[in-house]
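Understanding the architecture of this molecule
So the chains spell out like this:
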Amino acid sequence: MLNIVVFGAPGSGKGTQSDAIKSHFNLFHISTGDVLRQEIALDTETGRIAKKYIDGGQLVPDDIIIEVLAHVLDKLDHQDGVIFDGFPRTVVQAEALDKMLEKRGQRVDALVDLQVPEELLVERILNRSKVSGRSDDNEEAVRQRLEVYKSRTIPVMEYYRAMGKHIPINGVGDINEISQGIISALEQKLNRKV
Ligand code: AP5
């Protein structure tokens, strides 16, 4: 089994790259942002709570998102592993994920860190806002999401870096070339472990 965290700031390309590499490794792609947006669309209780946080560019509380993630993982019964896109976003979530995987005899194998300069992140998201319909794709929410990323999410990268699982990737440039770079870096890292 292979479990990869695709990590990066809002707009760094987590969703784009997760989609691009999942078939290469036969992985199931879990985007917690997509799961929450689906809950909002279905007007569930979780969705109603999540919307308040998402619209303000804040993180949904750890206990809620951990329960959501656990529920999705429990339903999985195939594939060679998982790409976690947008989870974990706090050290509490990282510790919870490690425990969930440990119970299954698994672990996080690598954290792919998509590195993109801040002004390009804002530009990408504001461009996307014209078509995405996402309520958090506006300048005020984007700036807030970036602040939250710096204060609460970067420590997750440091947590996995301390375990030797960090793979930095330049997230600027041609999308296909970035995907190839991720695949090569992952294969190299996984082969080294064998
Ligand atoms: P989430 O949906 O995860 O959003 P995000 O992290 O803000 O990331 P984005 O989806 O905006 O960007 P991305 O990195 O996936 O980039 P993308 O591929 O789309 O989370 C939304 C909210 O949900 C959070 O703010 C929070 O409230 C809540 N939430 C979710 N998970 C949570 C958790 N674990 N804990 C608590 N709360 C949680 O690309 C962006 C744009 O750039 C696209 O238009 C794309 O086409 C373009 N692009 C991508 N790559 C390139 C490239 N190389 N060159 C040019 N353009 C590119």
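Residues numbered from 1 in each chain as written. Predicted model: local features only at pLDDT ≥ 70, side-chain atom pairs only at ≥ 80, totals over all residues. Heavy atoms only, no water.

Per an unreviewed UniProt entry, the chain goes by Adenylate kinase and derives from Porphyromonas cangingivalis. Quoted verbatim from the Pathway (unreviewed entry) field of the UniProt record, the comment on the chain reads "Purine metabolism; AMP biosynthesis via salvage pathway; AMP from ADP: step 1/1." Its UniProt record gives the chain a comment under Subunit (unreviewed entry), which states: "Monomer." (UniProt positions renumbered as here; feature names shortened; annotations may be inferred.)

A closer look at the environment of Ala50
Inspection of the secondary structure puts Ala50 in helix α3 (residues 45-55). For the pair Ala50 and Ala141, spaced 91 residues apart in sequence, the C-alpha separation works out to 15 Å. (Helix = DSSP H or I, 4+ residues; strand = E, 2+ residues; numbered from the N terminus.)

Quick word on the sheet that holds strand β4 (residues 110-115)
Pairing within the open sheet is parallel, and its 5 strands lie in the order β2-β3-β1-β4-β5. The open sheet terminates on both sides in strands that have one partner only, identified here as β2 (28-31) and β5 (166-170). Averaged over all pairs of adjacent strands, the angle between their axes in this sheet comes to 20°, without regard to strand direction. Across the sheet, helix α2 (residues 32-41) touches β2 and β3 (81-85), and the angle it forms with β2 is around 65°. (Pairing = 2+ DSSP bridges. Axes fitted to C-alpha atoms, helices over the stretch in contact; angles between N-to-C directions. Contact = heavy atoms within 4.5 Å.)

Thoughts on the UniProt feature "binding site: ATP" (unreviewed entry) in the chain
UniProt marks Gly11, Ser12, Gly13, Lys14, Gly15, Thr16, Arg128 and Gly173 with the feature "binding site: ATP" (unreviewed entry), using the numbering shown here. From the list above, the largest pocket is lined by Gly11, Ser12, Gly13, Lys14, Gly15, Thr16, Arg128 and Gly173. With respect to the secondary-structure elements, Ser12 resides in the loop between β1 (2-8) and α1 (14-25). Under the relative-accessibility criterion, Ser12 is labelled buried at 2%. Relative to the elements of secondary structure, Gly13 occurs in the loop between β1 and α1. (1 Å grid on protein atoms, 1.4 Å probe; cavity = no way out; pocket = protein on both sides within 12 Å on 5 of 7 lines; lining within 4 Å. Buried < 20%, exposed > 50% of the residue type's maximum accessible area, 1.4 Å probe, protein only.)

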